[in-house]
Amino acid sequence: MPHNGPSPPASVDHVWANARVLLPGGRAATACQLGGDQLGPHLAGLAGLAVVVGPGTRPGTGWSAVAASAGRAPFPGSSFDLVAVEDLGATGRPAAEVVEEARRLCRPGGSIVVGFRAGLHRLRSPAPAPGGPGTVLVALPSPRRPAFLLRAGDREVARYFVRHIAFAYRPPGRARPWARLRQAQTRAALAAPPAVAVRGAPGRLAVLPGPAAPASLLEGVGELVRDRWSDLGLPGPPPPRLAPLVVGHRRPTTGMAIVLLFRDGDRTPSVVAKLPRYGTTSPSLRREAGTLEAVRGSLHGPVRDAVPRSLGLHRVDGTEVLLQTGSPGRHLVAETARTRPRPGAFGRQLDLVLAWCLAMQRTSGRPETVDDALIAGTLEAPAAACLAALGGDPAVGRLLDRALDRARTMRGTPLPLVTCHGDFWAGNVLVERGRVCGVVDWERGALGGLPFWDLVKAVGSAAYHLDRYRSVPRRGPAALPGWGDLGPWRGVAEPQFAAGFRAAFVQPCWLADLCREALVTTFRRTGVPLGWLPTAIIMYLVRQVLQATDSPRSVAGWGSVLRALAFSPATWADQFGDRRTFITKESRG
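Scanning the chain for helices and strands turns up 18 helices and 19 strands. Buried positions account for 56% of the 589 residues belonging to the chain. Expressed as a percentage of contacts within the chain between residues at least 6 apart in sequence, the contacts between residues at least 24 apart total 72%. Accessible area of the chain: about 24,000 Å², with a carbon and sulfur share of 54%.

Okay, here's the thing in structure tokens:
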């Protein structure tokens, strides 16, 4: 059944969206899900013909539906290159019956991929026979929306996940006892030895290749790296084996499948491989390859050392793969999530990321004078694109016009143009011993960008994610009693997107005080006139909308904040609107 492309839902299952790395050649001509229709969008992206089978299943863009038992599909044997089961315990049929039906439908050169829960149903799991083809991967952090895949026996990979990446996520706005209990359970699991924590996770994904199936795309990537080890300039002899950690993200159509590769005994990945989630190539993949080379060429010293080295674009079974060196350190999100939000910890996080960003800007900056051409290219164009994405909302249009008018008052003033990361937030920063040792995901990076892009992004994103780690204190010296109170924005702005923004830029509280102090101080040190602050904060929201164009929910969410700000336009940055000059630390009197 030909199709023009998948239409993934707003919320995408992390692992199944990256399932192509588990398939021979990373693709399938025909694909089938047994027992439901949740995987329809992903199968449509992987195969030319996709069908879902089960009672009550529904068709969608790129896939058809057949109402039938998961244990008895109305197709002849060997009909599909890929047979998938999203959750073996939720098909409505006995597990053994569904697995047997999957084996019947799968061609000898195809693959079966089955999600299931370990524990009580373990004896009925579709694990491969000892010595036979196939593997069982642990799906973390949950069986329903896992974000990572790894083999439980890969000790260093398990340790890296538990100690460097994992944290006890908390759904935003959830303060009920069950949410706190779930987070406490996760926190207790992460305190266990890594091997125990990983083996105790219930989510599993069994990959069962047919007897004539060629190597999977994941195996092909590992073989490429081992064969080209010395040519890629990697240290030491080529390893006999590389253990993978497959990373999933929520971006539906433009996201990358990311594979971290570890040598035996290494505690950090040697190589990171990125490949398109759907299709054989991606503009963002090529953009990141070029950006990494350009960025490293524009930097020097410790700042440059934190940027991965591109190992070039390669092809594995027709799929384009970007290789780059791995980065040491712990993800700053995991580091931040250890304690509840408090002024001291939040201030240290901002100081850490902004100091690195400032060092990058000092290394790469070049002086420019603001003129109409610079404003048109860097501000007017994205503002127009954002307005179009929001359906030409007139109130938002007036808000953006005011921001652009303020920018035009800065004509004739100096402004350094710098290297920008483009998505500079804690999830892309790795730290070790109180310093930034890695900054990853440079697909939105650019040379000669505006200096406040990364600065405001780092501050705004830190506030946006504040309640993803722990509940926000309501009492005591660290209290944010107004968190979630949208005031005049109620009914206009979506709370998940507006709560952090209001607390950082609108409401009087310690969070707004820290954000103001951090940005004012960094603007001064960078040589950016404080008069840019009101425009910079509005343009932060503009860029959030534009960077979320593959997620309608995020576009609507960030758009609702712009609409609310148009309705009640007041941030602490407005007090700096007439500051055309900058004040350096040395010149303040």
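Taken in spatial order, the three strands of this open sheet run β15-β16-β19, and their pairing is antiparallel. In this open sheet, the two edge strands, each paired with only one partner strand, are β15 (366-369) and β19 (446-449). For this sheet, the mean angle separating the axes of adjacent strands, direction not counted, is 30°. Pairing geometry for strand β16 (residues 414-420) and β19, over two bridges, is antiparallel. Within the sheet, the bridge partner assigned to C420 lies in β19 and is A446. Those strands touched by helix α8 (residues 283-298) are β16 and β19, and its axis lies near 55° from that of β19. Across the sheet, helix α11 (residues 343-364) lies against β15 and β16, angled at about 110° from β16, the strand it touches most.

Here we take up the nonpolar core. Residues W356, L511, F523 and W532 are the most contacted members of the largest nonpolar core, which totals 100 residues. Setting aside residues up to four positions removed in sequence, W356 forms contacts with V303, A306, V307, F424, V436, V439 and W442. Grouped together as the second largest cluster of nonpolar side chains are 43 residues, L82, L234, V271 and A273 included.

Buried residues dominate strand β18 (residues 435-439), accounting for four of its five residues. Bridge analysis of strand β17 (residues 429-432) against β18 gives four bridges, and the strand direction is antiparallel. Within β18, the position partnered with E432 by the bridge is R435. Where β17 folds back onto β18 in an antiparallel hairpin, the turn is made up of two residues, including R433, whose phi is positive at roughly 50°.

Now for unusual backbone geometry. In this structure, S78 is a non-glycine residue whose phi angle is positive, near 55°. Counting through the fold element by element, S78 comes out in the loop between β3 (64-66) and β4 (80-85). Positioned with a positive phi, D317 is a non-glycine residue whose angle comes to about 50°. For D317, the location among the structural elements is in the loop between β12 (310-316) and β13 (319-325). According to the relative accessible area criterion, D317 is partly exposed, its value standing at 42%.

Moving on, we come to the packing of aromatic side chains. If you walk through the whole model with that rule in mind, you get 15 aromatic pairs. Centroid distance Y464 to W558: 5.2 Å. Interplanar angle 45°. Geometry classified as tilted. Taken together, the residues span a long stretch of sequence, with Y464 in helix α14 (residues 452-464) and W558 in helix α18 (residues 552-567) at a distance of 94 residues. W558 shares its class with Y464; the two are buried.

Turning to the sheet that holds β17, a few remarks are in order. Ordered by their spatial adjacency, three strands build an open sheet running β14-β17-β18, and the pairing between neighbours is antiparallel. Bordering the open sheet on either side are β14 (330-331) and β18, each of which pairs with just one other strand. Here α11 sits on the sheet and contacts β17 and β18; the angle it forms with β18, its principal contact strand, is near 65°.

As a further point, take the confidence of the model for the chain. Do not read the predicted coordinates in detail wherever pLDDT is low. Of the residues in the chain, 89% have a pLDDT of 70 or more, and the chain-wide mean is 87. The weakest mean pLDDT in the chain belongs to helix α1 (residues 14-17) at 69; the strongest belongs to helix α12 (residues 372-389) at 97. Throughout residues 1-12 the model reports pLDDT below 50, and contacts reaching past four residues in sequence, or to other chains, amount to 30 contacts. pLDDT under 50 marks residues 583-589. Its contacts with residues more than four places away, or in other chains, come to five contacts.

So, on to the state of the cysteines. Tallied over the full model, the rule gives zero disulfides. The thiol of C509 is not disulfide-bonded; the next cysteine sulfur, from C515, is found 7.9 Å away. Judged by relative accessible area, C509 falls into the buried class, the value being 16%.

This next bit is on the side chain of S310. Along the chain, S310 turns up in strand β12. By relative accessible area, S310 is classed as buried at 14%. Here the side chain of S310 touches G312 through a polar contact of 3.2 Å, landing on its backbone nitrogen. Those residues within four positions of S310 in sequence are excluded, and the remaining contacts are A289, L292, E293, L322, L323 and Q324.

The next subject is the pattern of salt bridges. Counting across every chain of the model gives 25 salt bridges. In this structure, E101 and R104 form a salt bridge, with 2.7 Å as the shortest nitrogen-oxygen distance. Placement of the pair is E101 and R104 together in helix α3 (residues 95-105), with a separation of three residues, close to one helical turn. Among the residues examined, E101 registers a relative accessible area of 7% and is labelled buried. Through salt bridges that share partners, R151, D154, R241 and D264 make up one connected network.

Cut-offs used in this document
- Residues numbered from 1 in each chain as written.
- Predicted model: local features only at pLDDT ≥ 70, side-chain atom pairs only at ≥ 80, totals over all residues.
- Heavy atoms only, no water.
- Helix = DSSP H or I, 4+ residues; strand = E, 2+ residues; numbered from the N terminus.
- Buried < 20%, exposed > 50% of the residue type's maximum accessible area, 1.4 Å probe, protein only.
- Contact = heavy atoms within 4.5 Å.
- Areas by Shrake-Rupley, 256 points an atom, 1.4 Å probe, with all protein chains shown as cover.
- Pairing = 2+ DSSP bridges.
- Axes fitted to C-alpha atoms, helices over the stretch in contact; angles between N-to-C directions.
- Core = buried A, V, L, I, M, F, W, Y, C linked by side-chain atoms within 4.5 Å.
- Phe/Tyr/Trp six-rings, centres within 6.5 Å; stacked < 30°, edge-to-face > 60°.
- pLDDT = per-residue confidence, 0-100.
- Disulfide = S-S within 2.5 Å.
- Polar contact = N/O pair within 3.5 Å; in protein donor to acceptor, adjacent residues only side chain to side chain.
- Salt bridge = Lys/Arg side-chain N within 4 Å of Asp/Glu carboxyl O.

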